[in-house]
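Spelled out, the chains give:
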Amino acid sequence: MSTRKRFDVVGKPRRRVDGRSKVTGLTKFADDVVLPRMLHAKMLRSPHPHARIDAIDVSRAEQHPGVHLVLTGRDFPVSFGIMPVSQDEFPLAPERVRYVGDPVAAVIAKDEQTASEALDLIEVKYTPLQTIATPEEALAHPEARIHEYGEHGNIHRIQAYEFGDVEEALAKSDHVFEDLFFFQGNTHLPIEQHASVAAVDGEGKLTLWSSTQVPHYIHRALARALQVNAAHIRVIACPNGGGFGGKCDLHNHEIVVSRAAMRLGRPVKICLTREEVFYMHRGRHPVLMKFRTGVMNDGKITGMHLQTLLDGGGYGSYGAASTFYTGVLQPVSYELPRFKFDACRTFTNKPPCGPKRGHGTPQPRFGQEVQLDKIAEKLRIDPAELRLNMVAKPNSLTANWLRIGSIGLAECIRRVVDISGWKDKHRKLPEGRGLGLACGAYMSGAGLPIYWNKMPHSGVQLLLDRSGQVTVFCGATEIGQGSDDVLAAIVAEVLGIDAFDVRCVTGDTGLTPIDLGSYSSRVTVMMGNAAIQAAERLREVLAEAAAEHLEVSPERIVLAQGRAFLAEDPGRGISFRETVELAEAKHGTLGSVGSYSPPRAPARYKGGGVGPSPAYSYTACVVEVAVDAATGWITVPRVWIAHDIGRAINPVSVRGQVEGSVYMGLGEALMEEQVFRRLPPKLSGALVHKIPSLLEYKSLTSLDMPEVETVLIEDPDPNCPFGAKEVGQGPLLPVMPAVANAVWDAVGVRIDEVPITPDKVLRALERKAKGENPRVGPESFPAVPYPEPICVAPPWEGGDGNASKEKRKAPARKLEGMAAS
Amino acid sequence: MMRLPWFRHHAPDTLAEAARILAGEGPNAMLIAGGTDLLPNMKRRHQSPSALISLARVEGLKNISNGSGGNGEMRLGAGLTLSDVVHCAAVREKYAGLYQAAAQVATTHLRNMGTLGGNLCLDTRCNYYNQNYEWRKAIDFCMKKDGDICWVATASKRCVAVSSTDTAPALIALGAKVRLFSATGEREVTVADLYNNDGMDYLTRRPDEILTSVLLPAASGWNSSYWKLRRRGAFDFPVLGVAAAVKTASDGTVEEARIALGAVASRPFLVEKAGGLLVGKALTDDAIAEAGALVASRAKPMDNADLDIYWRKGVVSSFVGYALREIRGDDMRVTRLRIARHAL
Amino acid sequence: MNAVVEARRNVRVTLRVNGEQTEVLFAPYKTLLEVLREEMNLTGTKHGCELGECGACAVLLDGVPVLSCLVLAIECEGRSIETVEGLARGSELHPLQAAFADLGGTQCGYCTPGILMTAKALLDKEPDPGRERIREAISGNLCRCTGYLQIYESIEEGARRMREEAK
């Protein structure tokens, strides 16, 4: 990496390189792809939450004028799933449907209208099966299994880890706080509905254009699902009209249009309706949580026992990872000497949950940060001071063996405290108004890919030619976050040219080196490091050529502002284009590659691969609320947020990510919920999404969005390109607990679940008025058959990162006489 | 993409022609004005009319006559868009409740398209009904469309879909009337009488009638207000609408008053006795609280719209208080900003 | 053939889109959104629900922002239709477009065309609107990426640049 201190591109607020195409409407989203002779697909979906398919008769649909093909489960013998451990889905259900919306047949016709009409002509005979609507039901009814695989009964995953003896830590604590929290499920709601176009080219090879965040994973999974040589499939990720994690799975319709295009030899398009997007889901898991946390009188935590219960929906999706994420990042923000974490994911007859912005971590973060507020209240410590007193140390290991590099959390807290006027306002505003503080942390890219391999996580290829043209190829995918812009900026910075002079070719498995995709906030760090490596390799070649021409040594050459010149005599130099010509003459065709793999994680125990990251970002947030005591009506007038970004590649985009996270966090805190409805069981077995529409699934409008003051904390992280950490997900995390804590400060009631709605606030206020516990939240945690934990000694207790051989000595002791709140 | 079914389209230029086509096409034809309610419903196959008769080109439906008869009355054409109503200075000045109601319908775009008449004739809503065909199939439909049970109240003989118009309660409080035109004649009914308390047969308008205008009585001495409860500052239909109009003497004594509710029944309705309770009194906090309690007792929200029903019922008296206090002249701007999320 | 097929005839309508008259043949059930995207290849106009619940498909009809998903294309004969494709003058961006690109008013870009058209209509009427007017004007356009604040700033900056140009 260049040693120059001054940057010309990095850190400067700029128009993003793809900005022009977005404001002109020229950005081609998947549904904008139009091909000659293109046909249109629609899918028939199950009206039953759980049923056996007895028979499907498609003969009338096939005869409908304008229909070209009707597909059913028979056309897709191979199951699929995004994770190798969860190959539990079928493109079209062959014999069983597991949620309302599970597809069973597809019609390909001359237009959508005709295809829709033909769907009505398909006759499916179902035998309804027992329906599981909640995790509690899943635990209570191991029989009538939704899937034949998984742990047992209707439990998909169940696990337990213990890092040091937590019971002992709690026993020695001054206080033990026990709290239950519930985080309702919610969905991504990208404004772009998923669309895909499949076509077979002149050579008989398949191309799929799709709204996907992960073209490489789709490529692999599609080849398997279709049983086609992957070398004959090309997946093009169109820029996504919003992703947020909802376009990270291989989806049924992507396989269906691919098969149809191969069968018919004509392009086939599908664009989901909004209702279907709700059925694709893969969104935030509803999670019930139980925290038992030991605390000393000074507020320091001695140990935490966290139990989570996830409502997974009808299929695996990323659920195996989600289950881990409901706990593994708890120890990265504050010093946590001992940690025990039990998690369980159940199957239910609802659309599958998966990764949504923050993947599995916002739920326990909500619980932890609200519990810290309760601890601060009880111990009469300022919540900001409480946190500042135990911020995790930089360059340290956590109890569960995650390596923390840089950590700007303390600075984030100090800054939001400062700009919000926290010290003058918290616990001091008039009744009905309040301030809440919370923090968050997130990884800058997952340390492991979703399938085991030893290859790089991101690859970048650069092509230069004598015209001065610079083209960069990378599999990374633009989903709005600005990945093309980061790529161009980094290449431009290293080569000393303008970002607009770099042409980006991205997200195309036929042309670009592999990048694992736009998920886990990995793109800036992983693609960025690969891009630096590729660009540095070319920069060396260019500097050498320029040095030879200028008759100086290459170390003295600077590449900047479109020129190559002498560091000490900037007037002496040549243009970038001339430099490239000289280099091409000297070396032949110019190109380079770069790649990146994350550092090896210190954890050695099984399961220790989930959680490690090259760097963690940190955020602190203060939310102000106004609560009307008569109605419980909540208004959020203002939010202050500080984010530890390491370094902002483009501050305009970084601020946009922070504010967008605040927006989505407020939605999750106040109104968004993916909820389902049962009808009276004597009359109906229905289990339907209550509100699958943009009107009734409530997301904030401009009128509901408060002013936000954003501060970026820049402390470059050595693992990151130019020091830049993630920003797409982390800033969401503190928003929900900060709202809950602000409601407490405003009116003295605890809403221990999201969304925090006015009816819940009013109910808690009524309890308060009656002298009861002024709280609304879950009242009990069911008996979950968590296994004996895998025990791993924390680094400071002589551990080496491996699980200890000996089993845990005794089952959890009952602690009597402990101060519990 | 959600698409409309096939239909025939008529675009008459005159009211007489429109009425003639409507009578000729029979009950399978439907009128379309702004289309903001009908077209989503058609896309979800709630209605599949064989023919649409557009009122877009019909002359005279966009007229505003302001006190031309010398009696202080005002007539608004039913074809005026809600934005037209919002931007009409006379409406804003004299009929604040109507302005506030119209200004809170849906969104700016939808108000640019949707008409006053269309908002009055808005189909009743229910979250078991306002769903795609495929969703409704998954619950085996309901009595309002394609089925025979009401899932909100399974013992109910009638559909309990909720009236969701904002302008109707405001107009009922203002004592407005509508004019209905058909091939066989013309008649006027009060806005209150335009509705049945039935989620399916919710309008007393005959299928061959066209709602052509709204007649507002003279406003002198009257003040009015409309408060809408909904989750967000835009898009959402009301889950409670409280409209009040009060005529006061110069000393502040109430001479006449009307309070109407929306979104808590299958029709918007005048709360009997609530007005009478206020007559002869000043709008004191006590009088307002008494009216609030009476009005709240008449609200019967059902579990077929957004937000918790018990809570929705619980806040009715607060909303009545907001409306009456605004009429009394209290500075309600902060409360309005919190509830409506923008100034009105 | 029977009457149903008789009713299923395409219609031929002359539409004026971005100042250009075009004769288009389409099925009468098609909304303006469908005709723009599918019959005229003007895919700049987006869609997120087709039910009037998101604002992604906003275009200007006689200068007024409307949702093209709820406008019958057959009712558009003789009316002026403006879409995002008509915003730039040649290759020069409209000041609003430039401001959105510069100031983070666009992230994924999917709601952007609808918001740009809505903002243009606002600024054509009110060259110097305050923040509150802007918030109200775009409250019918859902954006899932930005949190709206950079959109306000982009509209304010676009307005400033337009006023500069007008001087």
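These figures come from a predicted structure and were not determined experimentally.

Chemist: What exactly am I supposed to notice about the domain arrangement of chain A here?
Modeler: How big an interface is tends to be stated in terms of the accessible area lost upon association of its parts. Residue and element names in this part refer to chain A. Parsing chain A into structural domains produces domain 1 (19-27 + 457-468 + 479-596), domain 2 (33-129 + 188-280) and domain 3 (401-455 + 614-787). Placing a centre on the C-alpha atoms of domain 1 and another on those of domain 2 gives a separation of 39 Å. Taking both sides of the interface into account, the surface hidden between domain 1 and domain 2 amounts to around 1100 Å²; carbon and sulfur atoms contribute 57%. For the pair domain 1 and domain 2, the interface holds one salt bridge. In this structure, the salt-bridge partner of Asp-508 is Arg-234, at a minimum N-O distance of 2.6 Å. Across the side of domain 1 that touches domain 2, the residue classes break down as five nonpolar, seven polar and two charged.

Chemist: Hey, could you run me through the packing of aromatic side chains in this one?
Modeler: To describe a pair of aromatic rings, you give the distance between the ring centres and the angle between the ring planes. If you walk through the whole model with that rule in mind, you get 22 aromatic pairs over all chains. Here the aromatic cluster, defined as three or more aromatic residues joined through ring pairs, consists of Tyr-161, Phe-163, Phe-324, Phe-339, Phe-341 and Tyr-605 of chain A. When the ring centre of Tyr-129 of chain B is taken as reference, the NZ or CZ atom of Lys-144 of chain B above it lies at 4.6 Å.

Chemist: Before we go on, may I ask you to explain the pairing of strand E11 (residues 233-237) of chain A in this structure?
Modeler: Regular strands place side chains that alternate from one sheet face to the opposite one. Residues and elements named next belong to chain A. Burial analysis of E11 places four of its five residues in the buried class, which makes it a mostly covered element. With five bridges joining them, strand E10 (residues 206-210) and E11 adopt parallel strand pairing. Residue Thr-207 lies in a different strand from E11, and its bridge partner there is Arg-234. Once you follow E10 into helix H6 (residues 215-226) and on to E11, the crossover reads as right-handed.

Chemist: Explanation requested: the packing of helix H10 (residues 362-379) of chain A against helix H18 (residues 735-747) of chain A in the structure shown.
Modeler: The packing of two helices is summarised by the inter-axis angle and the distance between the axes. Residue and element names in this part refer to chain A. Running from N to C, H10 and H18 point in directions that differ by 30°, and their axes come no closer than 8 Å. In terms of orientation, H10 and H18 fall into the roughly parallel class. As for how H10 packs across H18, the hand of that crossing is right-handed. Facing Pro-362, Arg-365, Phe-366, Glu-369, Val-370, Asp-373 and Glu-377 of H10, the residues of H18 in contact are Met-736, Pro-737, Ala-740, Asn-741 and Trp-744. Taken together, the residues of the contact of H10 with H18 break down into seven nonpolar, one polar and four charged.

Chemist: How do you make sense of the interface of chain C and chain A when you look at a structure like this?
Modeler: With 49 residues of chain C at the contact, the number on the chain A side is 56 residues. Together chain C and chain A conceal approximately 4200 Å² of surface at their shared face, both sides included; 51% is due to carbon and sulfur atoms. On the chain C side of the contact with chain A, Gln-107, Arg-144 and Leu-149 of chain C bury the most area, a combined 19% of that side's loss. At the boundary of chain C and chain A, one finds seven salt bridges. Where Asp-31 of chain A meets Arg-37 of chain C, a salt bridge forms, and the shortest distance between an N and an O atom there is 3.1 Å. Applying the counting rule to chain C against chain A returns 33 residue pairs in polar contact (both at pLDDT 80 or more). Of all elements in the fold, only helix H3 (95-102), helix H4 (112-125), helix H5 (131-137) and helix H6 (149-166) of chain C reach the threshold of two or more residues within the side of chain C that touches chain A.

Chemist: Help me understand the packing of helix H17 (residues 651-670) of chain A against H18 of chain A, please; the structure alone is not making it clear to me.
Modeler: All names here are of chain A. Running from N to C, H17 and H18 cross one another at 55°; their axes reach a closest spacing of 8 Å. Considering their axes alone, H17 and H18 lie oblique with respect to each other. Considering only the axes of H17 and H18, their crossing is right-handed. Listed contacts from H18 to Ser-661, Val-662, Gly-665, Leu-666, Glu-668, Ala-669 and Leu-670 of H17 are Val-735, Met-736 and Val-739.

Rules behind the numbers
- Residues numbered from 1 in each chain as written.
- Chains lettered and ligands numbered in written order.
- Predicted model: local features only at pLDDT ≥ 70, side-chain atom pairs only at ≥ 80, totals over all residues.
- Heavy atoms only, no water.
- Domains from an automatic or database assignment.
- Buried area = accessible area lost by both parts, 1.4 Å probe.
- Salt bridge = Lys/Arg side-chain N within 4 Å of Asp/Glu carboxyl O.
- Nonpolar A, V, L, I, M, F, W, Y, C, P; charged D, E, K, R; others polar.
- Phe/Tyr/Trp six-rings, centres within 6.5 Å; stacked < 30°, edge-to-face > 60°.
- Lys NZ or Arg CZ within 6 Å of the ring centre and 35° of its normal.
- Buried < 20%, exposed > 50% of the residue type's maximum accessible area, 1.4 Å probe, protein only.
- Helix = DSSP H or I, 4+ residues; strand = E, 2+ residues; numbered from the N terminus.
- Pairing = 2+ DSSP bridges.
- Right-handed = clockwise from strand over helix to strand, strands pointing away.
- Axes fitted to C-alpha atoms, helices over the stretch in contact; angles between N-to-C directions.
- Parallel < 35°, antiparallel > 145°, perpendicular 65-115°, else oblique.
- Left-handed = near helix turned anticlockwise from the far one by under 90°.
- Contact = heavy atoms within 4.5 Å.
- Polar contact = N/O pair within 3.5 Å; in protein donor to acceptor, adjacent residues only side chain to side chain.

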